[in-house]
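Single-letter residue listing:
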Amino acid sequence: MTGRCRERLIELRYVEGQSIAATAQIVGVAEATVKRHTLDAVRALHATLAGTARPARTPVTPLAELRPAAYEIAAEIAEAGQPWNRPALIAAFAARGIALSRDRAGVLVREIRPYMPEASNAVRYGVGARRATGGAQ
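Residues numbered from 1 in each chain as written. Predicted model: local features only at pLDDT ≥ 70, side-chain atom pairs only at ≥ 80, totals over all residues. Heavy atoms only, no water.

Our focus in this paragraph is the overall build of the protein. Helix and strand content of the protein: six helices and zero strands. For the protein, contacts bridging at least 24 residues in sequence account for 45% of all contacts bridging at least 6. Entry remark: accessible area of the protein is about 9,900 Å², with carbon and sulfur atoms responsible for 55%. (Helix = DSSP H or I, 4+ residues; strand = E, 2+ residues; numbered from the N terminus. Contact = heavy atoms within 4.5 Å. Areas by Shrake-Rupley, 256 points an atom, 1.4 Å probe, with all protein chains shown as cover.)

In structure tokens form, the structure reads like this:
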């Protein structure tokens with residue numbers, strides 16, 4: 001791609017707010033090309049503004065390494081008589097200095113819930129959550 005074509009690509013994506021698919025169609029290149037060039041442009045901009053290369057993402061701790069701590073936290077929560085849910089797990093991990101995303105916390109909660117003493121403290125949704133308010137029951 002020429003320099004002007006790359007400039008047009010960045011202009012479409014970030015100034016005009018076009019999607020990757022729309023930008024690829026307008027410029028006449030593959031979507032992968034748009035993704036690659038926009039990523040390169042963002043990295044170059046970061047390097048120019050910060051004076052350093054963009055740092056790599058911190059590696060994510062595998063769930064297998066988090067499970068022992070999650071079971072320990074579950075035992076503490078059960079002893080305290082508190083409900084076992086995602087916010088409780090996230091807060092307990094944060095207290096230990098470990099960041100945990102909502103999605104990963106949800107996976108751990110679902111894995112451990114069958115072993116918790118209470119049947120379920122989940123919010124019910126759907127038909128089973130509603131009770132008849134009048135009429136034939």
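Here we come to helix H1 (residues 3-15). Each turn of an α-helix holds 3.6 residues, which means side chains three or four residues apart point in the same direction. Taking 1.5 Å of rise per residue, 13 residues should cover 18 Å, and H1 covers 17 Å from first to last C-alpha, within 8% of that figure. Those residues of H1 that fall on the buried side of the exposure criterion are Leu9, Leu12 and Arg13. The buried residues of H1 occupy one face: seen down the axis, they fall within an arc of 90°. Those residues of H1 that are exposed and angled more than 90 degrees off the buried face are Glu7 and Val15. Tucked inside the fold, the buried residues of H1 contact helix H2 (20-27) and helix H3 (31-50). Immediately beyond the C-terminal end of H1, within one or two residues, lies Gly17, with a positive phi of roughly 75°. (Expected span 1.5 Å × (residues − 1). Buried < 20%, exposed > 50% of the residue type's maximum accessible area, 1.4 Å probe, protein only. Arc of directions from axis to C-beta.)

The next point concerns the packing of aromatic side chains. A full pass over the atoms with the stated rule returns one aromatic pair. When the ring centre of Tyr14 is taken as origin, the NZ or CZ atom of Arg13, which lies over that ring, is 5.6 Å away. (Phe/Tyr/Trp six-rings, centres within 6.5 Å; stacked < 30°, edge-to-face > 60°. Lys NZ or Arg CZ within 6 Å of the ring centre and 35° of its normal.)

Once that is clear, we can look at the nonpolar core. If you look at the biggest cluster of nonpolar residues, it comprises 17 residues, and the most contacted ones within it are Ile73, Trp84, Leu89, Phe93, Leu100 and Leu108. Those elements that provide at least two residues to this core are helix H4 (63-80), helix H5 (86-95) and helix H6 (102-112). When near neighbours in sequence (up to four residues on either side) are disregarded, Leu108 contacts Leu63, Leu66, Arg67, Ala70, Trp84, Leu89, Phe93 and Leu100. (Core = buried A, V, L, I, M, F, W, Y, C linked by side-chain atoms within 4.5 Å.)

The next subject is H6. Within H6, the full set of buried residues consists of Ala105, Gly106, Leu108, Val109 and Ile112. Along H6, the residues classed as buried sweep out an arc of 165° about the axis, all on the same side. Residues of H6 that are exposed and point over 90 degrees away from its buried face: Asp103 and Arg110. For H6, the secondary structure elements touched by its buried residues are H4 and H5.

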